[in-house]
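Take a look at the letters that make up each chain.
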Amino acid sequence: MRNLLITVFLISCFTAYSQEAQNTKIIVRTKAKDAKFIGSSMGGSMIIIRDAQTNEILAKGLTEGGTGNTDAIMKTAHERYTPIAYGAAAFEANISLQKPLFVTVEALSPVAHKEARVVAQTQLWLIPGKHIDGEGLILEIPGFVVDGLYPQTHHGFSIEEDKTVELKANIVMMCGCTISDGGLWDSNDMDVKASVYVDGEFWKNIPMQNPSENTFTANLTLEKTGNHEVIITAYHRISKNTGVDQLYFRVSN
């Protein structure tokens, strides 16, 4: 009888111990494709961690911090297990777990630029007490942030008086890194063009040039009246990053 009581006691202790919740840390970072980490300068990335089965939100917040070390990320050969984050922007969550949980990790990025924001996600098992720390979980964010600057919406022009209009856009990497002629992110490797539509009908394509950092321009000769839509597209021939924005204005005689 005594041995039976001891056995029951030990089993109950083991059960209680096994059911005790353990704090489990997960660090999530977002890295722009062919560039650096997405942090506070771009409004961060909104990270949402959910129970993959119930869709319950377990943690939510922004990545905060800098874009990381340029040399380590972009210029140094990386061997297996070589860290590259070096304190770059991250979101950290601590989740209390009693047993392993399969989760979905979603990133909306970059938060401060709706016109370029994309969603990236992955799934993984979280195991009680086994932290996803260090470099953490890194989600790749493809694309460019393309901001059409000029003309502004509802701006009006006259064929007779204005003759031409300069189309202008600002284009940066998803981390906010600078694009320039001959720079680390070289505009010579990009195809940037303005596709012009008048009253919904395609008219023509105009290549855009990069006269200064992040700025792309093209001169449009005004030849048609009506509502003009200009779709600005950016394409990187090596990384295959893409980005798009639109301009709207009206042209009269």
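Bear in mind the structure is a predicted one, so any value in this text is a computation, not a measurement. (Residues numbered from 1 in each chain as written. Predicted model: local features only at pLDDT ≥ 70, side-chain atom pairs only at ≥ 80, totals over all residues. Heavy atoms only, no water.)

## Regarding the overall build of the protein chain
Right, so step 1: Check the secondary structure of the protein chain and you find 3 helices and 18 strands.
Right, so step 2: Rg of the C-alpha trace for the protein chain: 26 Å, well past the compact-globule value of 18 Å for 253 residues, more than 25% over.
Right, so step 3: Structurally, the protein chain occupies a C-alpha span of about 105 × 40 × 25 Å along its principal axes.
Right, so step 4: Relative to its 253 residues, the protein chain shows a buried fraction of 42%.
Right, so step 5: Pairs at least 24 residues apart make up 67% of the contacts formed inside the protein chain by residues separated by at least 6 positions.
Right, so step 6: Summing over all exposed atoms, the protein chain offers an accessible surface of approximately 13,800 Å²; the carbon and sulfur share of this is 50%. (Helix = DSSP H or I, 4+ residues; strand = E, 2+ residues; numbered from the N terminus. Rg over C-alpha atoms; globule rule 2.2 N^0.38 Å. Buried < 20%, exposed > 50% of the residue type's maximum accessible area, 1.4 Å probe, protein only. Contact = heavy atoms within 4.5 Å. Areas by Shrake-Rupley, 256 points an atom, 1.4 Å probe, with all protein chains shown as cover.)

## As for the packing of aromatic side chains
Right, so step 1: Applying the stated criterion across every chain, the model contains 4 aromatic pairs.
Right, so step 2: Ring plane angle 45° and centroid distance 5.2 Å describe the contact between F102 and W125, whose orientation is recorded as tilted. With a gap of 23 residues between them, F102 in strand β5 (residues 101-109) and W125 in strand β6 (residues 118-126) connect regions that are remote in the sequence.
Right, so step 3: Judged by its relative accessible area of 31%, F102 falls in the partly exposed class.
Right, so step 4: For W125, a relative accessible area of 55% translates into the label exposed.
Right, so step 5: Taken together, Y150, F157 and F249 form an aromatic cluster joined through their ring pairs.
Right, so step 6: Of note, K204 hangs over the ring of W203, and the distance from its end group to the ring centre comes to 4.4 Å. (Phe/Tyr/Trp six-rings, centres within 6.5 Å; stacked < 30°, edge-to-face > 60°. Lys NZ or Arg CZ within 6 Å of the ring centre and 35° of its normal.)

## Examining the sheet that holds strand β3 (residues 57-62)
Right, so step 1: The strand order across the open sheet formed by 4 strands is β3-β2-β5-β6, and the pairing between neighbours is antiparallel. Among the strands making up the open sheet, the edge pair consists of β3 and β6. Averaged over neighbouring strand pairs, the angle between their axes works out to 15° when direction is ignored.
Right, so step 2: As paired elements, strand β2 (residues 46-51) and β5 share 6 bridges and run antiparallel to each other. Residue pairing across strands places I47 opposite A107, the latter belonging to β5. (Pairing = 2+ DSSP bridges. Axes fitted to C-alpha atoms, helices over the stretch in contact; angles between N-to-C directions.)

## Concerning unusual backbone geometry
Right, so step 1: Along the chain, S109 connects to P110 via a cis peptide bond; the corresponding omega equals -10°.
Right, so step 2: Along the polypeptide, P110 turns up in the loop between β5 and β6.
Right, so step 3: Between Y150 and P151 the backbone carries a cis peptide bond, its omega angle lying at 0°.
Right, so step 4: By the secondary structure assignment, P151 is in the loop between β8 (144-150) and β9 (155-158).
Right, so step 5: The phi angle at Y86 is positive, at roughly 45°, despite the residue not being glycine.
Right, so step 6: In this structure, K240 takes a positive phi of about 70° despite not being glycine.

## Brief notes about the sheet that holds strand β16 (residues 215-221)
Right, so step 1: Here we have 4 strands laid out as an open sheet, ordered β8-β10-β16-β15, and antiparallel in their pairing. One side of each edge strand has no neighbouring strand; the edge strands of this open sheet are β8 and β15 (209-212). For this sheet the average axis-to-axis angle between neighbouring strands, irrespective of direction, equals 35°.
Right, so step 2: As defined by bridge partners, β8 adjoins strand β10 (residues 164-173) across 6 bridges and the pair is classed as antiparallel. Among the inter-strand pairings, V145 is bridged to a residue of β10, identified as V172.

## Concerning the nonpolar core
Right, so step 1: Ranked by size, the top nonpolar core spans 41 residues in total, and within it L167, I171, M208 and L220 carry the most contacts.
Right, so step 2: For this core, the secondary structure elements donating two or more residues are β8, β10, β13 (190-198), β14 (201-207), β16, β17 (226-236) and β18 (242-252).
Right, so step 3: If one sorts the elements of this core by residue count, β10 sits on top with 6 residues.
Right, so step 4: The contact partners of M208, leaving out residues within four places of it in the chain, are L167, K168, A169, V192, K193, A194, F216, T217, A218 and I232. (Core = buried A, V, L, I, M, F, W, Y, C linked by side-chain atoms within 4.5 Å.)

## Quick look at the confidence of the model for the protein chain
Right, so step 1: Scored by pLDDT, the protein chain has a mean of 93; 92% of the residues are at 70 or more.
Right, so step 2: Segment residues 4-17 is flagged for pLDDT under 50; beyond a separation of four residues in sequence, or across chains, it makes 0 contacts in the model. (pLDDT = per-residue confidence, 0-100.)

## Some thoughts on the pattern of salt bridges
Here the idea is simple: oppositely charged side chains can pair when their charged atoms come close.
Right, so step 1: Here the structure, examined in full by the defined rule, presents 3 salt bridges.
Right, so step 2: Across the pair D71 and K75 runs a salt bridge whose closest N-O atoms are separated by 3.7 Å. With D71 and K75 both in helix α2 (residues 70-75), this residue pair falls 4 residues apart, about one helical turn.
Right, so step 3: Here K75 falls in the exposed class, since its relative accessible area comes to 57%.
Right, so step 4: E166 is the salt-bridge partner of K168, the closest N and O atoms lying 4.0 Å from each other.
Right, so step 5: Of the residues examined, K168 reaches a relative accessible area of 29% and is grouped as partly exposed.
Right, so step 6: Owing to a relative accessible area of 36%, E166 belongs among the partly exposed residues under this scheme. (Salt bridge = Lys/Arg side-chain N within 4 Å of Asp/Glu carboxyl O.)

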